[in-house]
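# Structure at a glance
This is what each chain is made of:
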Amino acid sequence: MIIVKEIHSKKDLKKFITFPFGLYKNSKPWVPPIISQELQTFDKKKNPIFQDAEARFFLAYKDNILVGRVAAIINWLEVDGKNQKKMRFGWFDFIDDLDVSKALLQEVENIGKTNNLEYAEGPVGFSNLDKVGVVTEGFETIAPMVTWYNHPYYVNHYEVLGYKAEKTYVESIFPFANVKPETFKKAQELIKRRYGLKALKFTRTEDVMPYADKMFDLFNESYASLSSFVKITDIQKEYFKEKFMSFINPEYIKFVVDKNDDLIGFAIVMPSFSEALQKANGKLFPFGFRHILRAKKNSKDAIFYLIGIHPEYQNKGVHAVIFNEYYEIFTEKGIENCYRTPELEDNEAIKKIWKHFDPAVYRRRKTFRKNLN
């Protein structure tokens, strides 16, 4: 007998957040989230996404034992603004029992039908800066902090319950030794002269902040054409700055501006925090901060999180300017491997940017969809 309970209390929300800690206790690739940060993500008073979205959270019990969770999400900017009648769901974890996954997804589907939505898709978060996709290939590699991980049996549950693959994302790796500066060194000098561009270097986070809002505006412009894109609002910008800036070395933030000091290109890279977060096991205190700070300073793995070029400058080689900047700092820091976070498999523009580095796909993930009518 499966009982699904909608949660409302902070106590139950903590159960929701910590459920995967038991499910993946012996899983070496799984990276636990920071519990306090997850609590803020779901706090309707702190996360501004709730001004434009709503979420309901469910826990599944079998014989009084917690066996699954799911978040049912409606992003009204997407539904009303883009006319995509999508019922989102994420943070979907469960034991290998079809009755459990079916009961949880039934709650999602019922909410979608009640709101006259056309289909359910997941796993996804609230927006494009949240985690996305269920792993379908590459289960053996440790997960970056900005992605979900899952057991292989998840895919079978989606398929048996009538969900079909909707979008495919790939994650890639290339050794820093693959980067040959001659592929961009001369080109970036020519491009800077031709278009009056310059690259900005940062050593302090406070120097980055005056450009942060411009970066989110450029993010909105450069990613607008993607099918899954939902605009980041002004109030969300403040939230994401607070959430992510402490994890980023200012030297790993690269901006390119034109002669008017307008931002036309950016890239965000983070050190790998995966092993540090495994050691922290969801808690910043008493020792979690120490592990994270050590990784921030010493990690030899660089994670490319975001890269964006203004539409007017795409296909003009601006990425060469960005790569030149990273080549210099990565050489200085002794970086060994470069990872790319999930990118849509059909994003041809991003493939062209990375082709010279001979990247290898090491993991694939998908979202799954089911029509509700």
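Scroll up a little and you will see the structure.
Criteria and thresholds
- Residues numbered from 1 in each chain as written.
- Predicted model: local features only at pLDDT ≥ 70, side-chain atom pairs only at ≥ 80, totals over all residues.
- Heavy atoms only, no water.
- Patch = residues over 30% accessible without salt bridge, like charges linked within 9 Å, V, L, I, M, F, W, Y side chains within 5 Å.
- Areas by Shrake-Rupley, 256 points an atom, 1.4 Å probe, with all protein chains shown as cover.
- Salt bridge = Lys/Arg side-chain N within 4 Å of Asp/Glu carboxyl O.
- Lys, Arg positive; Asp, Glu negative; His and termini not counted.
- Charge placed at Lys NZ, Arg CZ, Asp CG, Glu CD.
- Helix = DSSP H or I, 4+ residues; strand = E, 2+ residues; numbered from the N terminus.
- Buried < 20%, exposed > 50% of the residue type's maximum accessible area, 1.4 Å probe, protein only.
- Core = buried A, V, L, I, M, F, W, Y, C linked by side-chain atoms within 4.5 Å.
- Contact = heavy atoms within 4.5 Å.
- Phe/Tyr/Trp six-rings, centres within 6.5 Å; stacked < 30°, edge-to-face > 60°.
- Lys NZ or Arg CZ within 6 Å of the ring centre and 35° of its normal.

## A word on a positive patch on the surface
- Where like charges cluster on the molecular surface, the positive patch consists of Lys 10, Lys 14, Lys 46 and Lys 283.
- Structurally, Lys 10 is set in helix α1 (residues 10-23).
- We classify Lys 10 as exposed; its relative accessible area is 65%.

## Section: unusual backbone geometry
- With an omega dihedral of 0°, the bond running from Gly 122 to Pro 123 counts as a cis peptide bond.
- Structurally, the position occupied by Pro 123 is in the loop between β5 (119-122) and β6 (134-137).
- Each neighbour pair has its own omega, and for Phe 285 with Pro 286 the value is 0°, a cis peptide bond.
- Along the chain, the position of Pro 286 falls in the loop between α9 (274-280) and α10 (288-298).

## Thoughts on the environment of Lys 279
- Tracing the backbone shows Lys 279 in helix α9.
- Owing to a relative accessible area of 56%, Lys 279 belongs among the exposed residues under this scheme.
- On a C-alpha basis, the gap between Lys 279 and Ile 292 in space is 9.2 Å, while along the polypeptide they are 13 residues apart.

## A few points about the nonpolar core
- Formed by 125 residues in total, the largest nonpolar core has its most connected members in Phe 16, Met 87, Phe 89, Phe 126, Phe 255 and Phe 330.
- Excluding residues that lie within four positions of it along the chain, Phe 16 makes contacts with Ile 7, Phe 42, Phe 57, Phe 58, Leu 59, Arg 69, Val 70, Ala 71 and Trp 91.

## With respect to the packing of aromatic side chains
- Under the counting rule described, the total for this entry stands at 43 aromatic pairs.
- Relative to Trp 91, the ring of Phe 42 lies with its centre 5.0 Å away and its plane at 75°, an arrangement referred to as edge-to-face. Remark: Trp 91 occurs in strand β4 (residues 86-94) and Phe 42 occurs in the loop between α2 (35-41) and β2 (53-62); sequence separation between them is 49 residues.
- Seen from their ring centres, Phe 202 and Phe 255 are 5.5 Å apart, and the 80° between their planes marks the pair as edge-to-face. Here Phe 255 lies in strand β9 (residues 253-257) and Phe 202 lies in the loop between β8 (198-200) and α7 (205-223), a separation of 53 residues in the sequence.
- Aromatic ring contacts, followed pair by pair, group Phe 174, Phe 176, Phe 184, Tyr 252, Phe 304, Phe 323, Tyr 326, Tyr 327, Phe 330, Trp 354 and Phe 357 into a single cluster.
- The residue whose ring lies beneath Lys 316 is Tyr 313, and the NZ or CZ to ring-centre distance is 5.5 Å.

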